[in-house]
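Now for the letters of each chain:
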Amino acid sequence: MDFVHYCTYCLLSRGLFTRIFLRPVIASSSIAKQAVKMVKGNKTKVINFAPGPAKLPQEVLIQAQKEILNYESTGVSVLELSHRSKEYTALNQEAIDNMRKILDVPSNYKVIFCQGGGYGQFSFVPMNLMKEGGSADYLVTGTWSSKAANEAAKHGQVNYVFPKPKAFTTIPDVKEWKLNKDASYVYYCANETVHGVEFDFIPETNGVPLVCDMSSNFLTRPVDVSKFGCIIAGAQKNIGCAGVTVVIVREDLLGRSLPYCPTSFNYKVVADANSLFNTPPTYSVYIMSLVLKWILKEGGLTEMAKRCVMKSSALYNILDNSNGFYNSLVESTARSRMNVVFRLPSEDLEKKFVSEADEQGYMHVKGHRSVGGLRVSLYNAVMLHEVEHLIEFMKHFQEKYSK
């Protein structure tokens with residue numbers, strides 16, 4: 001069977017005729033056997049600690065695999081669903097409804113799905129929420145809030161709530177903050193993936209709308225949405241694959257966009273169209289919808305929060321009890337539950353750690369290229385027993401190389 005005939009077989013295999021008459025014949029071919037072998041799943045034992053795109057729940061991947069050729073008996077792949085079809089409309093609405101249920105989103109907030117990633121939101125936030133000729137306050141505690149402030153400065157005045165530190169290892173005391181009561185909004189990043197710094201509280205802004213980038217700790221703990229004017233979150237950490245960004249925005253903040261804001265990124269336009277103004281990232285929304293169902297089935301945000309604490313505490317414990325072999329640079333009050341960053345006594349040792357970890361199947365433990373070191377990301381789909389496996393490796397590595 002040549003490649004063209006095999007592709008034809010794959011397409012025809014959706015039909016009843018092929019299932020009954022042709023498949024038994026074609027299935028005997030070596031190509032068909034290889035195809036079956038390929039979809040049985042990856043049996044290589046690896047643990048994915050990537051910072052994003054990150055690990056997805058196994059049952060989500062299995063469900064996606066089942067529906068890649070035939071979504072809910074429609075006869076077409078989920079990749080082929082029209083965003084105007086009743087099937088996708090229902091999928092989209094279910095994702096919105098489950099998001100509301102999980103977070104207990106108040107009725108005066110809109111949940112919308114956008115494109116452009118978290119980085120795109122660095123521009124879309126000021127274009128939608130900053131008054132013309134106005135300003136915004138930015139709490140810069142790491143790489144991503146710094147980049148967000150740089151982008152916002154293209155659209156208005158940016159006030160730094162506290163001086164940018166030389167090293168991002170903590171969150172400055174609120175007594176040092178200087179907020180502007182006339183700011184259009186106050187912006188912060190709840191968890192900085194590069195430096196491993198996370199807020200364990202919600203900033204008080206005295207009535208000024210609070211905007212939060214929750215991309216890397218979204219849906220990892222209960223959150224009082226009513227304290228925010230707007231929440232943005234890329235899906236590729238905790239709630240899906242790359243391609244879709246969740247925006248939860250208070251209704252009274254809609255309709256304020258700057259004149260040059262692109263229509264497809266105008267929050268009000270997208271909200272009024274229920275995230276169907278133009279062709280959305282349908283597959284990304286689909287995967288996210290599966291992850292939302294998984295979170296609900298697993299026990300919701302209370303359970304996710306419990307697991308996050310158990311995983312991160314176990315890993316920080318090995319760092320703190322290593323006699324300095326593993327060195328966490330972040331102050332204990334600001335340590336991230338999502339991204340555990342640390343250093344070893346030398347860069348040579350760090351390279352050996354990455355190499356030997358990779359040999360053992362522990363993927364993506366190298367630190368961000370801008371800071372070096374090591375980083376282990378512990379998003380929702382990473383299980384406690386997987387972290388415990390890594391900890392055993394770390395103990396053996398220390399015994400092997402400590403002086």
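Residues numbered from 1 in each chain as written. Predicted model: local features only at pLDDT ≥ 70, side-chain atom pairs only at ≥ 80, totals over all residues. Heavy atoms only, no water.

Regarding its fold elements, the protein presents twelve helices and 13 strands. Long-range contacts, defined as pairs at least 24 residues apart, comprise 68% of the intrachain contacts of the protein with a sequence gap of at least 6. Of the roughly 19300 Å² that the protein leaves accessible, carbon and sulfur atoms contribute 53%. (Helix = DSSP H or I, 4+ residues; strand = E, 2+ residues; numbered from the N terminus. Contact = heavy atoms within 4.5 Å. Areas by Shrake-Rupley, 256 points an atom, 1.4 Å probe, with all protein chains shown as cover.)

Applying the stated criterion to the full structure yields 17 salt bridges. Taking the shortest distance from any N to any O, the salt bridge between Arg250 and Asp252 comes out at 2.6 Å. Overall, the relative accessible area of 41% leaves Asp252 in the partly exposed class. The shortest N-O distance in the salt bridge between Glu356 and Lys400 comes to 3.5 Å. One end of the pair, Glu356, is in helix α11 (residues 347–359); the other, Lys400, is in helix α12 (residues 384–401), and 44 residues separate them in sequence. On the basis of relative accessible area, Lys400 is assigned to the exposed category, the value being 53%. Taken together, the salt bridges that share partners define one network made up of Glu59, Lys297, Glu298, Glu303 and Arg307. (Salt bridge = Lys/Arg side-chain N within 4 Å of Asp/Glu carboxyl O. Buried < 20%, exposed > 50% of the residue type's maximum accessible area, 1.4 Å probe, protein only.)

What follows is about the nonpolar core. Looking at soluble globular proteins, one finds that nonpolar side chains tend to be buried together. Residues Met99, Phe218, Leu219 and Ile248 are the most contacted members of the largest nonpolar core, which totals 59 residues. Three or more residues apiece are contributed to this core by two domains, here domain 1 (66–298) and domain 2 (299–402). In this structure, Val158, Val211, Val247 and Tyr267 belong to the second largest nonpolar core, which totals 29 residues. (Core = buried A, V, L, I, M, F, W, Y, C linked by side-chain atoms within 4.5 Å. Domains from an automatic or database assignment.)

A separate point is the packing of helix α10 (residues 300–320) against α12. For the pair α10 and α12, interaxial distance at closest approach is 9 Å and the crossing angle is 5°. Judged by the inter-axis angle, α10 sits roughly parallel to α12. The residues of α12 that touch α10, namely those facing Met310, Lys311, Ala314, Leu315, Ile318 and Leu319, are Leu384, Val387, Ile391, Met394 and Lys395. Its residues placed into classes, the contact of α10 with α12 shows nine nonpolar, no polar and two charged. (Axes fitted to C-alpha atoms, helices over the stretch in contact; angles between N-to-C directions. Parallel < 35°, antiparallel > 145°, perpendicular 65-115°, else oblique. Nonpolar A, V, L, I, M, F, W, Y, C, P; charged D, E, K, R; others polar.)

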